[in-house]
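A structural walkthrough
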Amino acid sequence: MRIRLAVGLIATLLMAGTASAATTSVSAYGVGSLKSEWLAGYNGTNGLDTNGLFDLGLMGQANIKVYRARFRQDQVVSNGAFTQWTLLDNLVRQAALRDITIEPVLINMPGEVYTPPNTAGARTTFGNFATAVVKRYGPSGSYWPSCGCTAHPIKVWEVWNEENDAPFWDPPSPSQYGALLALVRSKLRAVDPSARILMGGLAYPSTPGPTKMEANAFLQQTIAAAGASSFDAVGVHVYASDPARGVNTLVQGTVNTLKTFAGTSGGAPRQQVWLNEFARPTSLDDPAGSQAAQRDWLDQVLGLLLPRRTTWNLGPVMWYALRDYKQPASASLRYGLRLTNADDTDAGPKLSWQDYASRSAGAAALPLPVAR
């Protein structure tokens, strides 16, 4: 009997691993933050954040099935080893229980300060961090058998965030970032040959300079440094007040840069383009009018963008924040699709929430980017 049970268990595990490895699609809609300026939504001291769980539930019900969250090197390292997994285990499990897959941003920010790996030694350590996370949460990840959930293995890994813009990388350096991108790709692929590498979301600074490099120049130089096959998709961040400029100038410029310097497939860029941050804030002084303006901006951006899904090889779109911050003094804390009470609980939808949720509700999943 024990032998039969053991054989059956092994067969079940092998079948589960095969199913996970065969994941080939990604949700068309996602969210990049639950509460503005708090990407994880879980606190290591206080345990699970019940308000964050409510947010994940809203996402799952609306078929918004991707949550972009920081995976921080500094939070999982202890005495030189990557062993502090409690916070990420909680996040990954609670998302999976609601049929949501994490899109991790691999990053390092000890003391809440962005600390890019801009030396060979730092890159090696970061690469080891990438190896550790894919071994834990990838298709054959050691975490899934103990999760108590349906496995939602991570297949797409974003390498850093807004690396063309300080303070995320100060000063921006395509050669340094290209070296990191190539190293992380090799580390991830060594564990999961089907892993997809997403170039960190590029900012479009309004005034490029020594600490804010123009996005498409940075992209071109990174391709030159790391090679056209060092990534499978690139993220872009659109906050331009004019939707036409945001799509027809900024994103179009990135598409053209990819086609020129990384090649084409069927007339579209070889790499997917992910709009993994876009948002417009509402105003405290004009809540009704600004809510309508936010909704109209969302409609205009997606109305211009989504008809080009095939010709631009577009991946998912991700609104920046599900909810406002509880004390949203600055505009950056009012990007939410929903409002927040002073006690940090959900205070109901803005006009844009219904728009976004209705779009996502019936949206079919998209193919993952092709692994280069």
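Our subject is the structure listed above.
Overview of the structure. (Residues numbered from 1 in each chain as written. Predicted model: local features only at pLDDT ≥ 70, side-chain atom pairs only at ≥ 80, totals over all residues. Heavy atoms only, no water.)

**Observations concerning unusual backbone geometry**
Look at the link from Ala166 to Pro167: it is a cis peptide, with omega at 10 degrees. With respect to the helices and strands, Pro167 occurs in the loop between strand E7 (156–159) and helix H6 (174–191). Cis peptide bonds are those with omega within 30 degrees of zero, and the linkage from Asp170 to Pro171 qualifies with -5 degrees. Positionally, Pro171 belongs in the loop between E7 and H6. Its identity as a non-glycine residue notwithstanding, Trp160 has a phi of 75 degrees, on the positive side. With respect to the helices and strands, the residue Trp160 is situated in the loop between E7 and H6. For Trp160, a relative accessible area of 0% puts it in the buried group. Unusually for a residue other than glycine, Asn313 sits at a positive phi of about 55 degrees. Its location among the elements puts Asn313 in the loop between helix H9 (287–305) and strand E13 (314–319). (Helix = DSSP H or I, 4+ residues; strand = E, 2+ residues; numbered from the N terminus. Buried < 20%, exposed > 50% of the residue type's maximum accessible area, 1.4 Å probe, protein only.)

**Some remarks on the state of the cysteines**
Under the definition given, this model contains one disulfide. The disulfide that involves Cys147 links it to Cys149, with 1.8 Å between the sulfurs. Across the S-S bond linking Cys147 and Cys149, the dihedral sits near 105 degrees, which makes this disulfide right-handed. Among the residues examined, Cys147 registers a relative accessible area of 2% and is labelled buried. Its relative accessible area of 18% is what places Cys149 among the buried residues. (Disulfide = S-S within 2.5 Å.)

**Quick notes on the pairing of strand E6 (residues 101–107)**
Taken residue by residue, a regular strand's side chains alternate between the two faces of the sheet. Burial of E6 is extensive: six of the seven residues sit out of reach of the surface. In this structure, strand E3 (residues 66–72) lies alongside E6, joined through seven bridges in parallel fashion. Each bridged residue has a counterpart across the sheet, and for Arg68 the counterpart in E6 is Glu103. Relative to E7, E6 is paired through two bridges, and the arrangement is parallel. In the sheet register, Val105 faces E7, and the bridge partner there is Glu158. Remark: the E6/helix H5 (residues 120–137)/E7 crossover connection has right-handed handedness. (Pairing = 2+ DSSP bridges. Right-handed = clockwise from strand over helix to strand, strands pointing away.)

**What to know about the nonpolar core**
Judged by nonpolar contacts, the single largest core of 99 residues is most densely connected at Phe71 and Phe278. Considering every element that reaches this core, the biggest residue donor is H5, with seven residues. Not counting residues up to four positions away in its chain, the partners in contact with Phe278 are Val238, Tyr239, Trp297, Leu298, Val301, Leu302, Val317, Met318, Trp319, Tyr320 and Tyr356. (Core = buried A, V, L, I, M, F, W, Y, C linked by side-chain atoms within 4.5 Å. Contact = heavy atoms within 4.5 Å.)

**Describing the sheet that holds strand E9 (residues 233–238)**
Taking strand neighbours around the barrel as the criterion, the eight strands line up as E2-E3-E6-E7-E8-E9-E12-E13 in a closed arrangement whose pairing is parallel. The average angle at which neighbouring strand axes cross in this sheet is 30 degrees, direction not considered. The pairing of strand E2 (residues 29–31) with E13 spans three bridges and is classified as parallel. Note that in E13 the partner of Val31 across the bridge is Trp319. (Axes fitted to C-alpha atoms, helices over the stretch in contact; angles between N-to-C directions.)

**Some points on the packing of H5 against H6**
Where H5 contacts H6, the axes come no closer than 9 Å and their chain directions differ by 35 degrees. For the pair H5 and H6, the sense of crossing is right-handed. Two secondary-structure elements touch here, H5 through Arg123, Thr124, Phe126, Gly127, Asn128, Ala130, Thr131, Val134 and Lys135 and H6 through Gln176, Ala179, Leu180, Leu183, Val184, Lys187, Leu188 and Val191. (Left-handed = near helix turned anticlockwise from the far one by under 90°.)

**Overview of the packing of aromatic side chains**
In the structure shown here, the tally under the stated rule is 18 aromatic pairs. Ring centres 5.8 Å apart and planes at 65 degrees place the aromatic pair Tyr137 and Tyr143 in the edge-to-face group. You'll find Tyr137 and Tyr143 in the same group, each marked buried. Ring geometry for Tyr239 against Tyr335: centres 5.3 Å apart, planes inclined by 50 degrees, an arrangement best described as tilted. With Tyr239 in the loop between E9 and helix H8 (243–262) and Tyr335 in the loop between E13 and strand E14 (338–340), this pair connects stretches of sequence that are 96 residues apart. For Tyr239, a relative accessible area of 24% gives the class partly exposed. On the basis of relative accessible area, Tyr335 is assigned to the buried category, the value being 15%. Grouping aromatic residues by their ring pairs yields a cluster made of Phe82, Phe126, Phe129, Trp160, Trp169, Tyr177 and Phe218. Positioned above the aromatic ring of Trp353, the side-chain terminus of Arg338 is 5.1 Å from the ring centre. (Phe/Tyr/Trp six-rings, centres within 6.5 Å; stacked < 30°, edge-to-face > 60°. Lys NZ or Arg CZ within 6 Å of the ring centre and 35° of its normal.)

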